[in-house]
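Architecture at a glance
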Amino acid sequence: MDLGEAMNVPELYRGLFDDAAVFPPGDLPLAEAVPAHRAHRAARYAAAVGPLLAPVDLLAELRELEPEFEVGLVVGPGRLAEALKAADGLRVATVEYAPGPDVRAAVAELDALLPEGVGAAVELPRSERLEDGLDALAGTRYRAKYRTGGLGYAAFPSVTELAGFLRGCAERALPYKCTAGLHHAVRHTDLGTGYEHHGFLNLLLAAGSPSREQAVELLAERDGARLATAVESLTERQILDIRASFTSFGTCSITEPLEDLARLGLLETP
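Presented here is an overview of the structure given in this document. This structure is a prediction, so every number in the text was calculated from the model and none was measured.

1. Describing the overall build of the protein chain
Check the secondary structure of the protein chain and you find eleven helices and ten strands. Taken over the C-alpha trace, the protein chain has a radius of gyration of 18 Å; the compact-globule value for 270 residues is 18 Å, and the two agree within 12%. On the principal axes, the C-alpha backbone points of the protein chain span a range of 50 × 50 × 40 Å. A total of 270 residues make up the protein chain; the buried ones form 49% of that total. In the protein chain, the proportion of contacts linking residues at least 24 apart, taken out of those at least 6 apart, comes to 66%. Of the accessible surface of the protein chain, which amounts to about 12200 Å², a share of 51% is contributed by carbon and sulfur atoms.

As structure tokens, then:
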């Protein structure tokens, strides 16, 4: 890449988009996902791209492809040691711990096995016991992870539920990432499925809201122009605070969300 042609990616979007191409609904074969991610890392918008995420069962194949870029390991309960062994030789940037029945057990396993300098996010089950999971992560070096969509209607949390998660994290100074259903910048109804999709721009703004009520209002907003105006009015301090809270989200498409930002006038054309 000619570094002189690199896009000026605003701080609000730098490293925001984790590459989840091998996960549903993208389901890209690893042999295609690796060169595609390599292309993202060499593109004008490279500063917006996070690591390639891969499950434990694909790590042997990933090692054979010899990627030189950073990867994120997605592991389930009790599989961290196996994953780290399988990832030997890879540049592991982070671990994403899939939901289990006991968040404190996940923290204990990470404390015992995670190498120094490798980050981790623990996915919290969507349940009435969310506060317990948040308390278990508060004060640790790990982020929370929350699912914002999926392949069925029940996988999409309401704006009230999502706002509760955001405020729960804010009250504990707990950083977090999200995953699924956030391909587009603005909240919308999918015409094919009827599912209500959250917008990642809504979520960024809600991450900086001072109250649950304002977070609900921002998450529910469907006017892209209004959201773009709100983004453009953010101060440098507000942007830094937002990204210290909302660190990234997993998306099986990297270019789609960038194109949304370009249409709203918030980013150069990818």
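Still more to cover.
2. Quick look at the packing of aromatic side chains
One pass over the full model with this rule turns up nine aromatic pairs. With a centroid separation of 5.3 Å and 80° between ring planes, the pair formed by Phe17 and Phe249 is classed as edge-to-face. Of this pair, Phe17 sits in strand 1 (residues 17-19) while Phe249 sits in strand 10 (residues 246-251), and the two are 232 residues apart along the sequence. Between the aromatic rings of Phe156 and Tyr195, the centroid separation amounts to 5.5 Å while the plane-to-plane angle is 45°, which identifies the pairing as tilted. Of this pair, Phe156 sits in the loop between strand 6 (143-147) and helix 6 (159-171) while Tyr195 sits in the loop between strand 8 (188-189) and strand 9 (196-197), and the two are 39 residues apart along the sequence.

3. Examining the pattern of salt bridges
Under the definition given, this model contains 19 salt bridges. A salt bridge links Glu70 to Arg91; the nearest nitrogen and oxygen atoms lie 3.8 Å apart. Remark: Arg91 occurs in strand 4 (residues 91-97) and Glu70 occurs in strand 3 (residues 70-75); sequence separation between them is 21 residues. On the accessibility criterion, Glu70 (40% relative accessible area) is partly exposed.

4. Side note on unusual backbone geometry
In this structure, Pro25 follows Pro24 across a cis peptide bond, with omega equal to 0°. For Pro25, the position within the fold is in the loop between strand 1 and helix 1 (30-42). The backbone of Asp27 shows a phi angle near 50°, a positive value even though the residue is not glycine. Residue classification places Asp27 among the partly exposed residues on the basis of a relative accessible area of 46%. Within the chain, Ala173 stands out as a residue other than glycine whose phi angle is a positive 50°. Mapped onto the elements, Ala173 comes out in the loop between helix 6 and strand 7 (176-179).

5. Focus: the pairing of strand 5 (residues 119-123)
Taken residue by residue, a regular strand's side chains alternate between the two faces of the sheet. Counting buried residues in strand 5 gives four out of five residues, a clear majority hidden from the surface. Examined bridge by bridge, strand 4 and strand 5 share four bridges and lie parallel to one another. Looking at strand 5, one finds that Tyr97 is bridged to Val122. Running through helix 4 (residues 103-113), the crossover from strand 4 to the neighbouring parallel element strand 5 is right-handed. Judged from the three bridges that link them, strand 5 and strand 6 form a sheet pairing that is parallel.

6. Notes on the environment of Gly250
Along the polypeptide, Gly250 turns up in strand 10. The spacing of Gly250 and Arg79 is 171 residues in sequence and 21 Å in space, taken between C-alpha atoms.

7. Let's talk about the sheet that holds strand 1
Judged by pairing direction, the barrel is parallel, and its eight strands sit side by side in the order 1-2-3-4-5-6-7-10 before closing back on the first. Direction aside, neighbouring strands of the sheet carry axes that sit 30° apart on average. Of the strand pairs in this sheet, strand 7 and strand 10 are connected by four bridges, and their pairing is parallel. Looking at the pairing, Thr179 lines up with Gly250 of strand 10. Sitting on the sheet, helix 1 is in contact with strand 1, strand 2 (49-55) and strand 3, with an inclination near 165° to strand 2.

Here is what the cut-offs are and how they apply
- Residues numbered from 1 in each chain as written.
- Predicted model: local features only at pLDDT ≥ 70, side-chain atom pairs only at ≥ 80, totals over all residues.
- Heavy atoms only, no water.
- Helix = DSSP H or I, 4+ residues; strand = E, 2+ residues; numbered from the N terminus.
- Rg over C-alpha atoms; globule rule 2.2 N^0.38 Å.
- Buried < 20%, exposed > 50% of the residue type's maximum accessible area, 1.4 Å probe, protein only.
- Contact = heavy atoms within 4.5 Å.
- Areas by Shrake-Rupley, 256 points an atom, 1.4 Å probe, with all protein chains shown as cover.
- Phe/Tyr/Trp six-rings, centres within 6.5 Å; stacked < 30°, edge-to-face > 60°.
- Salt bridge = Lys/Arg side-chain N within 4 Å of Asp/Glu carboxyl O.
- Pairing = 2+ DSSP bridges.
- Right-handed = clockwise from strand over helix to strand, strands pointing away.
- Axes fitted to C-alpha atoms, helices over the stretch in contact; angles between N-to-C directions.

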